[in-house]
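# Secondary and tertiary structure notes
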Amino acid sequence: MKGMRVVLSLCVLLALASTSLVAVAQQEMPNTYTFGDGTVVSYPDGWESKVDDNGYVRIDSENTDTIFFWYFPDTLAELGIDENDMVAVLEQAFVPQDKSIEFNPSLVDTVQVGGRVLTGLIYEENSQGDTYERLLVAVKLPETGAVVVVGAVPLTGYKLEEAAVVLQIVASLDAVKSVSSEKEGGGVSSLASAAKRSKFPNDYTFANGYTISFPDGWEMKTDDKGYESLESAATDIIFSWYTASTLSEYNLSADDLPAVLKAGFSPQDDTIQFDSADVSATQIGFYQGYIHAYEDNVGGDAYQRIRVALGFEDGSVIIVGAIPFAGYELTERSTVLEIVATIEPTGGAETTIGGGDTGGPATFGDLGSDTGSPATFGDLGAGGVELTQSYTFKNGYSVGFPDGWEMKTDDNGFEHLQSANTDTIFSWYTASELAKYDLSVRDLVAVLAASFSPQDKDIQFDRADTSSVVIGPYQAVQHFYEDNAGGNAYQRVRIALPLDDGGVVVVGAIPLRGHPLEELSTVLEIAGSIRAGGTPSTLGGLGAVTCTLTAPRVANLRGGPSTDDGIVGKLEAGAVVEAYGGKLGADNYVWFQLADGSWVRQDAVTFDREECSKIPLIK
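Residues numbered from 1 in each chain as written. Predicted model: local features only at pLDDT ≥ 70, side-chain atom pairs only at ≥ 80, totals over all residues. Heavy atoms only, no water.

## A few points about the side chain of E231
Relative to the assigned elements, E231 resides in strand β17 (residues 228-231). Look past the residues within four positions of E231 in its chain and what remains in contact with it is G217, W218, E219, K221, D236 and F325. (Helix = DSSP H or I, 4+ residues; strand = E, 2+ residues; numbered from the N terminus. Contact = heavy atoms within 4.5 Å.)

## Brief notes about the sheet that holds strand β33 (residues 531-532)
One key point about sheets: their strands pair by backbone hydrogen bonds, in either a parallel or an antiparallel sense. Strand order in the open sheet formed by three strands is β24-β25-β33, and the pairing between neighbours is antiparallel. Since the sheet does not close on itself, it has two edges, and those belong to β24 (389-392) and β33, each with one partner. Pairing analysis gives four bridges linking β24 to strand β25 (residues 397-401), with the strands arranged antiparallel. Following the sheet pairing, S390 is matched in β25 by G400. (Pairing = 2+ DSSP bridges.)

## A few points about the confidence of the model for the chain
Across the chain, the average pLDDT comes to 75, with 77% of residues at or above 70. Counting contacts from residues 177-198, a segment whose pLDDT is below 50, to residues more than four positions away or on other chains yields 57 contacts. Segment residues 347-384: pLDDT under 50, and 145 contacts once partners within four positions in sequence are set aside and those in other chains are kept. (pLDDT = per-residue confidence, 0-100.)

## Here's the deal with the packing of aromatic side chains
This model, assessed by the stated rule, comprises 18 aromatic pairs. Between F94 and Y123, the aromatic rings sit 5.1 Å apart at their centres with planes inclined by 55°, giving tilted as the arrangement. Of this pair, F94 sits in the loop between α4 (86-93) and β7 (109-113) while Y123 sits in strand β8 (residues 116-127), placing them 29 residues apart in sequence. Note on F94: relative accessible area 11%, which makes it buried. In this structure Y123 comes out as buried when scored by relative accessible area, which is 4%. Centre to centre, the rings of Y210 and F312 are 5.0 Å apart; their planes meet at 50°, and the pair counts as tilted. Of this pair, Y210 sits in strand β15 (residues 210-214) while F312 sits in the loop between β21 (301-311) and β22 (317-324), and the two are 102 residues apart along the sequence. Site record: aromatic cluster; members linked through ring pairs are Y204, F206, Y210, F239, W241 and F312. (Phe/Tyr/Trp six-rings, centres within 6.5 Å; stacked < 30°, edge-to-face > 60°. Buried < 20%, exposed > 50% of the residue type's maximum accessible area, 1.4 Å probe, protein only.)

This is the structure:
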């Protein structure tokens, strides 16, 4: 039988298994499982429901494994599939182990079980030379318009002995709780909360109004940087929220979660490259999300790590990262995914990032308690306080700040902006001053290193404490470290902003009381408001540097500096644009970044090499 493609229609299957089907129809199916959207499925004694490590719901017996895939109407629309075309849905879900097996629509059949019309096929699969039967069956839920595809394989032997039981389980799917079309809490549909929230006894409400449930033995904590993490004895989970406006600023959206995961990839081991093969789509409760699973490395110790991205109807995204506290394996992965599935709005609260001073700055990626790093990039002012006041420095630059803050000049002539809790100081370096020390706006880390002057002289400058960050119109570098005065340790941040005239301003901030820098997000908003002569700087504050690109022929614009990144637009033949930054790609080509955030490769355009060698390198 090996090498053959055995395909049985569902009708033939039922005919062959009619005796067992009668027996199944007469036995009770007393057990139920409720999915995140309120749909309930029944199954017999001897079968067990569980959520696997990838977030898929499985109902297994000793002999059979079944897995449930959900296709909601909006997903089908994106795929260009009519929600009534079960054959097309099955083809979409058809991913055999043996890649030589092709989907044949003529082999699909329909059968009626328990009054439900099921569409599917059973075929011979092959894995590492071992053949076995596999069932793929689809059913539509008219209450929600969703289509559920169920796959089943034998756990023992070649034949799928319990196929008829699987069909009855599929036929039992019943959307007893319909999904509300009304928007709640910033736009996420009602998620059958009673069904979901009964899972875990503990609840937590984030500042943006979303809630989450978790089991006993887990505890929600907020670290010194304002990052919220959920911890058990074995696992650390951290939450990063992004509004639609934040994503839009970087040409990202909730409709392309893999791209958001890629943009926020920030491993401890910076030699690890983002691999799209590590990202997989999955159903997590009500949500259709994406999981990025990979192996990270810190201090030579390798460990498993996952990042889960969920998109909401208001265009926002949450990335949930999880790592093990001890050991290599993420042993509580399935529990993490069940916790993620409980996220939902409580109503009335608008999703924001940064939340003024209620939390840490936005980050792309699960930075924070597990990495100790500040934001890599992100909309660090979204949802913050209003900057109602302004001050103009002697060099003509101005800065905005909120009520409750006051500008002062100290005995050394340095200008400080202070609140009751925070002191910020501004240090200005002209282009000529930088040149004197062989520094420039092209290497802000070097500027930060040269100007590093901690209270505790034993503290050394560490490049690992710096990170690229976008603040308002600036592509800046942030230096976050712990200083020490009189035996009292405290957090400190320094932000280097490149100016249009080739100079740099370094904005430093320390807490006036306590250890944590509690108003960091407000400091970042203030820094991002710095303007020359009252007008915004160009992208990254690099208007003094010009790099003109000309497209001799049509050229692709991509979402990142790699041909692996998706095409987001095109330059028409003869188009002239300016680049504001460059990056040496893994393919050893220079990639230019345009004002809209898109990227074009050097061999697709013509340019002046001397002129374009002056633009900043983006790390």
